[in-house]
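An overview of the molecular structure
Now for the letters of each chain:
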Amino acid sequence: MRRRPNHLAGLGSLVWLAVVGFPLYVLLISTFRTRASYSSEGPLSFPEHLTLQNYADDFSNGFGQDFLNTVIVTASVVAIVLLVVPPLAYAIVRARGRTIATVFRIFLLGLAIPAQAVIVPMFYVISKAGLYDHLIGVILPTAAFCLPVCTLVLTGAMRDITNELYEAMAMDGATPWRVFWQLVVPLSRGGLSSVVVFSALQAWNGFLFPLILTQSESSKVITLGLYNFQTEHGVDVPGLLSAVVLSMLPIFIVYLFARRALVQGLMGVGGK
Amino acid sequence: MSTSSLGSGPGSGSGPGRGARAGRRAGRRAGVGVTRPGLAWAVPATVFFLLFAILPLVLVAVLSFTSWDGVGAPTFNGLDNWTRLLHDPVMTQSVWLTLVLTAAGVLVQTPVSVLLGVWAAGHQRNRAVLSAVFFTPLLLSATAISVVWRAVLDPNFGVPSQLPWLFGDGNLMGSQSGAIAVLTFVGMWQWTPMHALLYQGGARAIPRVLYQAAAIDGAGKVRQFLHITLPQLRNTMITSVILMLVGGLTTFDTVLILTQGGPGTDTTNSAFYMYQQAFKSFDFGSGSAIALVLVVVATLISLAVVRLSGYDKMRGTTEGL
């Protein structure tokens, strides 16, 4: 059946395009203005002189350090998640008995534990462990809070592997270890990439854990940098907004090149 | 789906197929048990999760019965925090405000994301390019989103100062209703793309036959949408609304950056009040009590997620255990 275009929906989508596009326009155009031009010409008009000075200023204000810290946090969170979630999902899908069903239920319940709800005891635990104001103190809780969704997505992917394949490997006398590496991991690549996308986004955009669990310049991440920038030099809007653009640049580049995988990943996160 | 579905699989009805089937059955009896992983595979993730998510959950309950300034040791003070919060007008107001913000979020985001998701599931021209732009808010952190909107809506230097015919004096966040409207709008801007993605997936999964049958019966686009699309999206809607509820109850970053809970305490929702009590007033005991309320509500909702969506029954779809 051929579908005719739906004009009403098309119109609605254009309205949404404006809603999304407008602040993005203000965001981008403001970063190329001087501070003087921002306050005299306002945020809407096209600036007379374009400048890259705001971006240069961000780096002299310590953006490079924030960026590096965020990269470290993101890479570590993804590494932890990739280390512990696939074996867990494998056990949930293939092991038998009540214990594993209970474990799965714990992770499902964990889906709705909001980070805000546990932030006070998290502060207590991290301080007692001597990890306050260290990146590792941000990495561990961030990774832990990625686990429920990642487990859900990956078990969904692993359930699609048919029983015949397991039986064929069993006939060859394969150990669980070999089944895991030669069957389960290769066949759940889609789920694994979703998990990587989700945990990387979580870590890259994380705010609450860094806000509560770090304080010094040397352990600051980008989101916290934006927040501090706003509270400290609130009037330098072009400088602030160019830092916002820099903070989203890496994700946006990934988005341009791997839009399909990224959207699929995000869909898997909510959809499975 | 063990033997029965093997039997109904392609090429298994004939002689050689039967032989293979018998062989596989023998294989099951003899060696399949070997390929099942033990519980040890689940241990690292579970221990890690218990330590950094479940243990704090237990601790928050304990801390809510203590007095702790964040430096010394917590001391037990019974129900003090709880009775204090019960008589605290800001606490009462924050609970109200949380409910208002949550309800407003669900009411505004659901229609927009259903329409957008159903649209994106179709085959319009330019859809790829447009949806690439639509979904950019997904990539931004809540911090970045709040910072950008705060700059855009700034009464003196932002857009309102340029468009006085639309915004009046431009101080949108100067009144409670204005601030709530701004928080709801920014929430919609931030979350609609994700929910639209959910609905897009849901709408793609609706069998085309239904629409074909309806078209033969002469039903137009609108009736098809109301009588096929919406009912078929029921499960997606349950999942999406529950996610919105949990998200709405715990809105924090946007409140902190956009309104600081103000004007006065006009937008101090529970999550923000918890943060203020604990990390600004160094009253970690009552902060914990507020957090515990959030935990209980969120847990009840998560139980609803598991029940209504049938996630816990996903076991066995391929194994038939």
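Residues numbered from 1 in each chain as written. Chains lettered and ligands numbered in written order. Predicted model: local features only at pLDDT ≥ 70, side-chain atom pairs only at ≥ 80, totals over all residues. Heavy atoms only, no water.

1. Examining the packing of aromatic side chains
In the structure shown here, the tally under the stated rule is 29 aromatic pairs over all chains. Ring geometry for A:Phe123 versus B:Trp68: centroids 6.1 Å apart, planes at 45°, classification tilted. Here the residue A:Phe123 occupies a position in helix 6 (residues 119–128), and B:Trp68 occupies one in the loop between strand 1 (66–67) and strand 2 (75–76), the pair thus bridging two chains. Residue class for A:Phe123 comes out buried when judged on its relative accessible area of 11%. Aromatic side chains B:Trp149 and B:Phe185 sit 5.1 Å apart centroid to centroid with 85° between the ring planes, which places their arrangement in the edge-to-face category. Within this pair, whereas B:Trp149 is found in helix 7 (residues 142–152), its partner B:Phe185 is found in helix 10 (residues 176–204), the two being separated by 36 residues in sequence. (Phe/Tyr/Trp six-rings, centres within 6.5 Å; stacked < 30°, edge-to-face > 60°. Helix = DSSP H or I, 4+ residues; strand = E, 2+ residues; numbered from the N terminus. Buried < 20%, exposed > 50% of the residue type's maximum accessible area, 1.4 Å probe, protein only.)

2. A short note on the nonpolar core
Judged by nonpolar contacts, the single largest core of 157 residues is most densely connected at A:Leu211, A:Ile212, B:Phe252 and B:Phe279. Take this core: its biggest share by element is 15 residues, from helix 7 (residues 135–159) of chain A. Residues from two domains meet in this core; each of domain 1 (1–60) and domain 2 (61–266) of chain A gives at least three. With residues near it in sequence (within four places) discarded, A:Ile212 still touches A:Ile119, A:Phe123, A:Tyr132, B:Tyr275 and B:Phe279. (Core = buried A, V, L, I, M, F, W, Y, C linked by side-chain atoms within 4.5 Å. Domains from an automatic or database assignment. Contact = heavy atoms within 4.5 Å.)

3. Concerning the environment of A:Pro43
Position of A:Pro43 among the secondary structure elements: in the loop between helix 2 (35–41) and helix 3 (53–60). Sequence separation between A:Pro43 and A:Val26 is 17 residues; the distance between their C-alpha atoms is 6.2 Å. Apart from the residues within four sequence positions on either side, A:Pro43 is in contact with A:Val26, A:Ile29, A:Ser30, A:Arg33, A:Tyr38, B:Phe157, B:Gly158, B:Val159 and B:Gln162.

4. Some words on the domain arrangement of chain A
Residues and elements named next belong to chain A. Considered domain by domain, chain A is made up of domain 1 (1–60) and domain 2 (61–266). For domain 1 versus domain 2, the separation of C-alpha centres amounts to 30 Å. Counting residues at the interface gives 14 residues for domain 1 and 17 residues for domain 2. Both sides together, the interface formed by domain 1 and domain 2 hides about 1300 Å², and carbon and sulfur atoms give 70% of it. (Buried area = accessible area lost by both parts, 1.4 Å probe.)

5. Notes on the state of the cysteines
All names here are of chain A. Summed over all chains, the structure comprises zero disulfides over all chains. Cysteine Cys-146 shares no disulfide, and the gap to the nearest cysteine sulfur, in Cys-150, comes to 5.3 Å. Here Cys-146 falls in the buried class, since its relative accessible area comes to 0%. According to the relative accessible area criterion, Cys-150 is buried, its value standing at 1%. (Disulfide = S-S within 2.5 Å.)

6. Brief notes about helix 13 (residues 237–257) of chain A
Residues and elements named next belong to chain A. The end-to-end C-alpha separation of helix 13 is 30 Å, in line with the 30 Å expected for 21 residues at 1.5 Å each. Along helix 13, the helix axis deviates most sharply at Leu-249, where the bend reaches about 45°; the proline Pro-250 sits within four residues downstream. For helix 13, the N-terminal capping position is held by Asp-236, with its side-chain oxygen 3.1 Å away from the main-chain nitrogen of Gly-239. (Expected span 1.5 Å × (residues − 1). Bend = angle between axes of the 7 residues up to and from the residue. Polar contact = N/O pair within 3.5 Å; in protein donor to acceptor, adjacent residues only side chain to side chain.)

7. As for the UniProt feature "transmembrane region" (unreviewed entry) in chain A
All names here are of chain A. What UniProt calls "transmembrane region" (unreviewed entry) maps, in this numbering, to residues 7–28, 67–91, 103–126, 138–158, 179–201 and 237–258. Along residues 67–91 one finds 100% helix and 0% strand; the C-alpha atoms at either end are 36 Å apart. The distance from the first to the last C-alpha atom of residues 103–126 is 24 Å, and the span holds 67% helix and 0% strand. (UniProt positions renumbered as here; feature names shortened; annotations may be inferred.)

8. Points about the interface of chain A and chain B
Facing 105 residues of chain A, the contacting portion of chain B comprises 110 residues. Taken together, the links from chain A to chain B amount to zero salt bridges. Linking chain A to chain B there are five residue pairs in polar contact (both at pLDDT 80 or more). Among the elements that line the side of chain A that touches chain B, the one with the most residues is helix 1 (residues 7–31) of chain A, at twelve residues. Looking at side-chain class alone, the side of chain A that touches chain B contains 79 nonpolar, 15 polar and eleven charged residues. (Salt bridge = Lys/Arg side-chain N within 4 Å of Asp/Glu carboxyl O. Nonpolar A, V, L, I, M, F, W, Y, C, P; charged D, E, K, R; others polar.)

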